[in-house]
Amino acid sequence: MSSTLIVGPPGSGKTRRILELARRRAAASERVTIIALPQQRADLLRRLGETPTLGVRVTDLQTLLYEVLEELGGVARIASVPARVAMVGAALRELYGEAAPGEAALYAGTLAELRRSGFEEVPVTGGRYQQRLREVDRVYRRLLGERGLIDLDDVRRLAALALEGGARWSDPPQHLMVDGYQAFNRMERRTLAAMAGSALSLTVSLPGLAPAPWTTRTPPEDLEALRRDLRIEKVEKLRAGAAPRFRLHAASSPSRELRDALAEVKICLQQGVDPHELALIVPDRAAARALLELGREYGLPLHDEHAASVLDTPQGRRFELLLGVRGRGYPPRDLLALASVYPGLELVAEALERRGLSGSSPVAALEALPVELAPLRDLLRETESPAPSLEAWLAYVERLMERAGCDRQPEAPELRVVAREVYALLPEANPAALIDWTRALLADLPAPRRSTPGVAVLEAEQASGRRFARTWLLGAQEGRYTLDESEEFFYSEEDRTLLGLERRMRGLASSVLYDALWRAPEVAVSYARSERGGERRAHRLLEALEAEPRPGAATTASPLELARLRPPPPETPPRYRRLEALRERRAWELARYAPCRLRGYLEGRVRPAETRPVYAARDREAARRKARQAAWSQQELPAQTDPAWAPGFRERVLRAVRRDLPPRPDLEGLVILGVLPLGEMLFRPHAHRLLRRGRLETLEVYLIGTGVKQLRDHRESMWLAAQLRASDEHRGLKLDFYAWDLQGEREPLHFTAGDLERAREELSGLRAALEAGDYSPVPGFHCRSCRFGDVCRET
Ligand code: SF4
């Protein structure tokens, strides 16, 4: 057998070389099997299909090994991932009396990794919980045997054992080629070596070292281990190809970043680019969901490449909600989410929300609600805890599946199996435990995804080994494209090195971004400058790139964006045509539209503008009293009291003296909480007065706050100061500004010319926009406190 290792950085053409070799072999009527990552399969088939080729099979390692095992007669029923977690939970319960789903998942995860790495038995190096893990594994294996199951991750070990033991595989590939991997663990190397034993050649590709400061996940020691275990005879080193053309874009908000990328994708599709040639690479699942959601608004064919679980389907999410709603006490939020399957429940939810109640509130409180309660009663009845018998439990699950719409989905049989497995494994569990376990296992239950052709939306790991004509790499900030580099619970880093387990903390986080960047010759990299957490910067490894304007950003690419720009058809009733223009004179009402006009508009829908006088008469009188009292308290006392007097007598004398004090002259002419007209606008300073001393007229304006710094965010005060300084009407006046809360000392305020100029521009810009009916969103840090984020989707 000849064996070759192809080494080259991302984008150097490793996959192209493998396909070339495969075609050449196939042309000579030899059988080739390419082992690739599951997500690569469609891509490789498409590239192979460019030159019709017979005799090349593309598969993944797990499928191939399962076939080997099946042929060699060693296959039993495979325990699914949820079943594994449930059985590990049962083992924990048997050994230690109780188990929570999270704990079982932790144990199951480490056991799976040990199996994948080729350990027959749990190794014990002295760690605190390793002995416990070994015990759990012992009981888990016994449970597997009793049920005639094998673990999903035992497939590799059993197949390798059979092949190493000399078992004959009836139709082994003549040429075995492996592509797309970033690294191989011990078990993978062992299974490849075992399979290659009966082949004529083995060809493996791996990325080599990355130029500093970038990293890849293939350090020299891994390459060495691979050469040793696979007895590699020849190493083919590929040179780095031309670097992709990178464009870096900084968007004002995460939503803007997604919208700009989608606009560019749409332009590309309109130009006739094949959707399969394009990919949107995102850092995590949350970003992928947001992108897919926006993709619907843009009418784009996007293909979610994430391996879906039941919880990714609307029916699965509803089922999970129904299982948990009783435990959460039927909050209005859950009732609203369930309104699609209980028509009318939204009205009950709104009524409950208004009164601060929930669906589990006392019956008398519910009966008093002015809405039809039948949907809530149906929900309460159907989600009532089942009796602790298998029939009652299965009937309960079936009822909720039917209500959620899961019973007609392809994953329905699996759901029923999980319900049975949970009951079988936790026979003495109460209904609450059954529900908790079922909910916990749903995330691991795969849901078949309907394949829709389109532009791939994928996380960085799913892009590995693939090639596109253009990619958009979103969220390129520090800390978003990472590997899970944290210490493992059962084995420390030292233990892992000792045992030959893959180390967790190798400082290779940047390898994810490096690999993802090299997936196409044209890459648009972007990030959002501001997010809920504060200001953001591009990833430090992209600092050499200069952010440039986005060509697609100015393009209107969704019907919602178009609706804002294009005049509606003439037959549209006036109230639907455009938002009404606003001519607002009152600065305090105008201030609600700054800094975001959309937020001000929406605020106005839920809290209409004040139409009453600015302040109630009694508020004004209270404020005046407060000011008088403050002035009076600061008055110098005319009489000294003798310290020798008894305290009670001294207090009575002081009271009598204060009673006869005149009001402080300083309050003369002061208008407290009154309106100050200025040109077209009305302002509402805390207090103001016009003083005449000889020929000098002074306008004193008292603003709320403790200094200019605090006032910078108080729009109304800044606008008032700016307007007064610019006003012709007040040109001959001396203007004095103070910060004063009507008590204590006044503090003079001195605004800079820049502050006032910015405030003046903001006021005139805002008025012009509102008078044109423009209520555009203005995203920024203020979005963090905005309650309309879901409506405007700019955050
Ligand atoms: S989320 Fe931000 S941009 Fe959207 S309305 Fe609120 S403040 Fe304006």
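Residues numbered from 1 in each chain as written. Predicted model: local features only at pLDDT ≥ 70, side-chain atom pairs only at ≥ 80, totals over all residues. Heavy atoms only, no water.

Asks: I tried to follow the overall build of the chain on my own but got confused; where do I start?
Replies: A count of helices and strands for the chain gives 32 helices and 23 strands. For 795 residues, the compact-globule formula gives about 28 Å, and the C-alpha radius of gyration of the chain, at 36 Å, lies well above that figure. Based on the C-alpha atoms only, the size of the chain along its principal axes is roughly 115 × 75 × 65 Å. Taking all 795 residues of the chain together, 49% fall into the buried category. (Helix = DSSP H or I, 4+ residues; strand = E, 2+ residues; numbered from the N terminus. Rg over C-alpha atoms; globule rule 2.2 N^0.38 Å. Buried < 20%, exposed > 50% of the residue type's maximum accessible area, 1.4 Å probe, protein only.)

Asks: What is the right way to read the pattern of salt bridges from this model?
Replies: Oppositely charged side chains are able to pair whenever their charged atoms sit close together. As enumerated under the stated definition, the model contains 56 salt bridges in all. Note that Arg24 is salt-bridged to Glu20, the shortest N-O span being 4.0 Å. Pair noted here: Arg24 and Glu20 are both in helix H1 (residues 14–27), with a separation of four residues, about one helical turn. Given a relative accessible area of 52%, Arg24 falls into the exposed group. Ionic pairing is found between Arg758 and Asp755, a salt bridge with its closest N-O pair at 3.1 Å. Taken together, the positions of Arg758 and Asp755, both in helix H31 (residues 753–771) and three residues apart, correspond to about one turn of that helix. (Salt bridge = Lys/Arg side-chain N within 4 Å of Asp/Glu carboxyl O.)

Asks: Quick question: what am I supposed to make of the packing of helix H18 (residues 412–425) against helix H19 (residues 431–442) here?
Replies: Packed helices, taken two at a time, are described by their axes: the angle between them and the distance between them. The geometry of H18 relative to H19 is characterised by a closest axis approach of 10 Å and an angle of 135 degrees between their N-to-C directions. In terms of orientation, H18 lies oblique with respect to H19. As H18 packs across H19, the resulting crossing turns out to be right-handed. Counted together, Leu415, Val418, Val422 and Tyr423 of H18 and Leu434, Trp437, Thr438, Leu441 and Leu442 of H19 form the full contact between these two elements. (Axes fitted to C-alpha atoms, helices over the stretch in contact; angles between N-to-C directions. Parallel < 35°, antiparallel > 145°, perpendicular 65-115°, else oblique. Left-handed = near helix turned anticlockwise from the far one by under 90°. Contact = heavy atoms within 4.5 Å.)

Asks: Would you mind going over empty space enclosed by the protein with me for this structure?
Replies: Picture a little ball the size of a water molecule; that probe, rolled over the atoms, points out where space is still empty. Enumeration over the complete set of coordinates arrives at three cavities of 30 Å³ or more. Taken as a whole, the largest cavity spans an internal volume of roughly 90 Å³. Around the largest cavity, the lining comprises 13 residues; the ones closest to its centre are Cys596, Arg599, Cys783, Cys786 and Cys792. Going through the elements one at a time, helix H26 (597–606) and helix H32 (789–792) are the ones with two or more residues in the lining of the largest cavity. Partitioning the lining of the largest cavity into residue classes produces nine nonpolar, three polar and one charged. Looking at the second largest cavity, its volume works out to about 40 Å³. Leu111, Leu114, Arg115, Phe119, Glu120, Glu121, Val122, Asp137 and Arg141 are the residues that line the second largest cavity. For the lining of the second largest cavity, the secondary structure elements donating two or more residues are helix H5 (101–116) and helix H6 (130–146). Within the lining of the second largest cavity, the residues separate by chemical class into four nonpolar, no polar and five charged. (1 Å grid on protein atoms, 1.4 Å probe; cavity = no way out; pocket = protein on both sides within 12 Å on 5 of 7 lines; lining within 4 Å. Points joined across faces, edges and corners; volume = space filled by probe spheres on them. Nonpolar A, V, L, I, M, F, W, Y, C, P; charged D, E, K, R; others polar.)

Asks: Looking at this structure, how should I read the site of the ligand?
Replies: The full set close to the ligand counts 13 residues, and Cys596, His782, Cys783, Cys786 and Cys792 are the nearest of them. Counting atoms within 2 Å of the grid points, the majority share of the ligand lands in the largest cavity. Counting only elements with at least two residues in the shell around the ligand, the list comes to H26 and H32. Across the shell around the ligand, the residue classes break down as eight nonpolar, three polar and two charged. (Near = heavy atom within 4 Å. Sits in = over half its atoms within 2 Å of the grid points.)

Asks: I'm lost on the nonpolar core in this one. Help?
Replies: Within soluble globular proteins, side chains that are nonpolar tend to cluster in buried spots. Judged by nonpolar contacts, the single largest core of 72 residues is most densely connected at Met87, Val88, Phe319, Leu338, Leu345 and Leu379. Of the residues forming this core, the biggest block, eight residues, is contributed by helix H4 (residues 81–96). With residues up to four places along the chain from it excluded, the contact list for Met87 reads Ala79, Tyr140, Leu143, Leu144, Arg147, Leu149 and Leu425. (Core = buried A, V, L, I, M, F, W, Y, C linked by side-chain atoms within 4.5 Å.)

Asks: Help me out: how do you make sense of the side chain of Ser358 in this one?
Replies: Considering the arrangement of structural elements, one finds Ser358 in the loop between helix H14 (345–355) and helix H15 (363–367). Relative accessible area serves as the criterion here: at 19%, Ser358 is assigned to the buried category. Within the structure, Ser358 has its side chain in polar contact with the backbone oxygen of Gly329 (distance 3.2 Å). If sequence neighbours within four positions are ignored, Ser358 has contacts with Gly329, Tyr330, Pro331, Pro332, Leu352 and Leu366. (Polar contact = N/O pair within 3.5 Å; in protein donor to acceptor, adjacent residues only side chain to side chain.)

Asks: In this structure, what is going on with the domain arrangement of the chain? I would like to understand it.
Replies: Size of an interface, as often reported, equals the accessible area lost when the parts are brought together. Along its sequence, the chain is carved into domain 1 (2–74 + 156–237), domain 2 (81–151), domain 3 (245–308 + 451–554) and domain 4 (310–442). Here the C-alpha centroids of domain 3 and domain 4 sit 36 Å apart. (Domains from an automatic or database assignment.)

Asks: What is the right way to read the pairing of strand E13 (residues 470–473) from this model?
Replies: Neither face of E13 is open: one carries Arg470 and Trp472, the other Thr471 and Leu473, and all of them are buried. Bridge count for strand E10 (residues 278–282) against E13 is four bridges, and the pairing is parallel. Across the sheet, Ile281 pairs through a bridge with Leu473, a residue of E13. Taken together, the four bridges between E13 and strand E14 (residues 522–528) define a ladder with parallel strand orientation. Note that in E14 the partner of Thr471 across the bridge is Val523. (Pairing = 2+ DSSP bridges.)

Asks: Is there a simple way to explain unusual backbone geometry in this structure?
Replies: Most peptide bonds adopt trans geometry, and most residues besides glycine take a negative phi value. Here the amide bond leading from Ala594 into Pro595 is cis, since omega sits at 0 degrees, within 30 degrees of zero. Relative to the assigned elements, Pro595 resides in the loop between helix H25 (587–590) and H26. Positive phi, normally seen in glycine, also occurs at Ser29, with a value near 60 degrees. You can call Ser29 exposed: its relative accessible area is 68%.

Asks: Is there a simple way to think about the sheet that holds strand E21 (residues 696–703) in this case?
Replies: Spatially, five strands are ordered E17-E20-E21-E22-E23 in an open sheet, and the strand pairing comes out mixed. With one partner strand each, in any of the chains shown, strand E17 (671–672) and strand E23 (747–749) form the two edges of the open sheet. Bridge count for strand E20 (residues 687–693) against E21 is seven bridges, and the pairing is antiparallel. Within E21, the residue paired with Arg693 across the bridge is Leu696.

Asks: What exactly am I supposed to notice about the packing of helix H7 (residues 154–164) against helix H8 (residues 186–196) here?
Replies: As a packed pair, H7 and H8 sit with axes 9 Å apart at the nearest point and diverge in direction by 35 degrees. The chirality of how H7 crosses H8 is left-handed. Of the residues in H8, those touching H7 at Arg156, Arg157, Ala160, Leu161, Leu163 and Glu164 are Met187, Glu188, Arg190, Thr191, Ala194 and Met195. Of the residues assigned to the contact of H7 with H8, the class counts are six nonpolar, one polar and five charged.

Asks: In this structure, what is going on with the environment of Leu366? I would like to understand it.
Replies: Secondary-structure assignment places Leu366 in helix H15. Look at Leu366 and you get buried, because its relative accessible area is 7%. Apart from the residues within four sequence positions on either side, Leu366 is in contact with Leu352, Ser358, Gly359, Ser361, Leu373 and Leu376.

Asks: What exactly am I supposed to notice about H14 here?
Replies: Side chains that are three or four residues apart share a direction in an α-helix, a result of its 3.6 residues per turn. Listed as buried for H14 are Leu345, Val348, Ala349, Ala351 and Leu352. The arc enclosing the buried residues of H14, seen along the axis, measures out at 165 degrees, which places them on a common side. In H14, those exposed residues whose orientation departs by more than 90 degrees from the buried face are Glu353 and Arg354. The elements touched by buried residues of H14 are helix H13 (332–337), H15 and helix H16 (374–382). Positive backbone phi, approximately 65 degrees, marks Gly356, located one or two places after H14. (Arc of directions from axis to C-beta.)

Asks: Help me understand the confidence of the model for the chain, please; the structure alone is not making it clear to me.
Replies: For any part of a model where pLDDT is low, the fine detail of the predicted coordinates should not be relied upon. Averaged over the chain, the pLDDT score is 83; the fraction of residues at 70 or greater is 91%. Predicted confidence in the chain is weakest over helix H24 (residues 574–577), with a mean pLDDT of 62, and strongest over E13, with 96. (pLDDT = per-residue confidence, 0-100.)

Asks: Would you take a moment to explain the side chain of His175 for this structure?
Replies: One can find His175 in strand E6 (residues 175–178). Among the residues examined, His175 registers a relative accessible area of 3% and is labelled buried. His175 has contacts with Arg25, Glu30, Arg31, Val32, Thr33, Leu200 and Ser201, leaving out every residue within four places of it along the chain.

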